[in-house]
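So the chains spell out like this:
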Amino acid sequence: MKGFALGQYYPADSVMHRLDPRMKVIMAVAYIVASFLCKNFYTFVLLLLSAVFLVLASRIPLKIVFRSIRALIFIMAFTAVLNIFWFVEKDAEPLLQWRFITIYTGGLYNALFILIRIVAMVIGTSIFLTYTTSPIALTDAIERLLHPLAKIKVPVHEFAMMMTIALRFIPTIVEETDKIMSAQKARGADFTTGSLMKRAKALIPVIIPLFASAFRRAGELATAMECRCYHGGEGKTKLRILKYHVRDFLALFCILLFIAGIVVINILGAKFGWLYTM
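Residues numbered from 1 in each chain as written. Predicted model: local features only at pLDDT ≥ 70, side-chain atom pairs only at ≥ 80, totals over all residues. Heavy atoms only, no water.

**Quick word on the pattern of salt bridges**
Close approach of charged atoms lets side chains of opposite charge pair. Counted only if it meets this: Any carboxyl oxygen of Asp or Glu that lies within 4 Å of a side-chain nitrogen of Lys or Arg is treated as forming a salt bridge with it. Each residue is placed in one exposure class: buried if its accessible area under a 1.4 Å probe, protein chains only, is under 20% of its type's maximum, exposed if it is over 50%, and partly exposed if it falls in between. Comment: elements are numbered from the N terminus, with helices defined as DSSP H or I runs of at least four residues and strands as E runs of at least two.
As enumerated under the stated definition, the model contains five salt bridges in all. For the salt bridge of Arg22 with Asp20, the shortest nitrogen-to-oxygen distance reads 3.0 Å. Of the two residues examined, Arg22 and Asp20, each falls in the buried class. Salt-bridge contacts for Glu220 lead to Arg216; the nearest nitrogen and oxygen are separated by 4.0 Å. Of this pair, Glu220 and Arg216 both sit in helix H10 (residues 204–227), four residues apart, roughly one helical turn. Among the residues examined, Glu220 registers a relative accessible area of 48% and is labelled partly exposed. Of the residues examined, Arg216 reaches a relative accessible area of 45% and is grouped as partly exposed.

Written as C-alpha cells, this is what we have:
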C-alpha cells in the first residue's frame, strides 16, 4: 500500500500537463469510450500502444504508473479467471478439458482483451486526470463543464469540490491505513495467516480507527474551510481563468481520430474476419 499512487498529482513539464483541464476531462471520457469500442485483436493492440504513448507524452516515470496498476492486480486476476473458466464457445473444440474445467481459445482471448482494457483505462484516466492535473485545476474544470446545470439549481460547485476532495484524500487514507496496520502489527496482530474469516476479523481493529481518522480529518477540513470564509461558489473569483489553446483542439482531434480508427478497424475486422472478435 505504500506504493499506491492512484489519485496523486505528479508535477512535470509535458504536453499533457499543459493541456486545458476541461479538455482533459473530455478526453478521459472519450478514451474510456474508445476502450469499450475495441472488439478485435488489432484494436486492442492499438489501445495498448495508445496507453504507452500517453505515458511517454506525460513524462511520468513507469514505476509510478505501475503502482496504480498494481493496486488493481486482484481485480484483474479475478476478472481474467472468470473469463477463462466460465467462457463457453459453441461449436468449438475446447483447448483444455479436465473434469469440470473446460478452457476455450475464446476464453483466453477474452481474458487477455479485458486485462488490456483495464490497464489502458487505468493508465489513460490517471494520466488525463489525476497525474497531470492538480486538484484545484480539476475542480475548476468539472465546475466549468457542469456549469449549464447550475441554471436548474444543481449544486455544481459543491459537486465538483466533493469529487476533487475525494480524489485527493485517496493517498491520505492509504497512508493512514498503512500506519494503523503497522501499529497493530507492533502489538502482535497477524493479517497474513489463518483462515479467510480469521484474517477478516483481524482487519476490524484497522477499519474502526480508519473510519475514526477519516471523520476527524473531514471535521478538520471543514473547520479549516470555514476559518478561511469558504461559502461555496457564491461570489467566487479565480486567479487563473481557463482558456482553450490550439494544442487543446489538436489533442481532441487526435483522440477523435483514434476513436475513428478503432471503428474502421472493427468494421474491416468484421468484414474480413480478422483474428478473434469479442
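Still to come is the rest of the account.
**Section: the layout of surface pockets**
Threshold: Using a grid of 1 Å spacing that covers the protein atoms alone, one calls a set of points a cavity when a 1.4 Å probe fits there but cannot get out, and a pocket when the set is open and has protein on both sides within 12 Å along at least five of seven lines; lining residues are those with an atom within 4 Å of a point. Grid points are joined across faces, edges and corners, and a volume is the space filled by probe spheres set on the points. Any residue that is not Ala, Val, Leu, Ile, Met, Phe, Trp, Tyr, Cys, Pro, Asp, Glu, Lys or Arg is counted as polar, Gly included; the first ten are nonpolar and the last four charged.
Estimated volume of the largest pocket: approximately 880 Å³. Around the largest pocket, the lining comprises 35 residues; the ones closest to its centre are Ser134, Ile136, Ala137, Asp140 and Arg240. Broken down by element, the residue count for the lining of the largest pocket peaks at six residues, all from helix H8 (residues 156–186). Of the residues belonging to the lining of the largest pocket, the class tally is 15 nonpolar, nine polar and 11 charged.

**A closer look at the packing of aromatic side chains**
The test is simple: Classification of ring pairs rests on two measures: the distance between centres of Phe, Tyr or Trp rings, Trp counted by its six-membered ring, which must be within 6.5 Å, and the angle between planes, read as stacked under 30 degrees, edge-to-face over 60 and tilted in between. Charge over a ring is defined by NZ of Lys or CZ of Arg lying within 6 Å of the ring centre and within 35 degrees of the ring normal.
Overall, the coordinates contain seven aromatic pairs when judged by the stated rule. In textbook terms, an aromatic cluster arises when at least three aromatic residues are bridged by ring pairs, as seen for Tyr31, Phe128 and Phe258. The ring of Tyr244 has Arg22 lying over it, and the distance from NZ or CZ to the ring centre is 4.0 Å.

**Digging into the side chain of Ser35**
The condition is simple: N or O atoms closer than or at 3.5 Å make up a polar contact, with two conditions inside protein: a donor-capable atom paired with an acceptor-capable one, and, for residues adjacent in sequence, both atoms drawn from side chains. Every residue pair with non-hydrogen atoms within 4.5 Å of one another is taken to be in contact.
Summarising the element assignment, Ser35 is placed in helix H2 (residues 21–37). Side-chain polar atoms of Ser35 contact the backbone oxygen of Ile32, separated by 2.6 Å. Beyond its immediate stretch of four places on either side in the chain, Ser35 contacts Leu47, Arg117 and Met121.

**Some points on the side chain of Asp20**
Mapping Asp20 onto the fold places it in the loop between helix H1 (15–18) and H2. Accessibility expressed as a relative area gives 4% for Asp20, which makes it buried. Setting aside anything within four residues of it in sequence, one finds Asp20 in contact with Leu242, Lys243, Tyr244 and Asp248.

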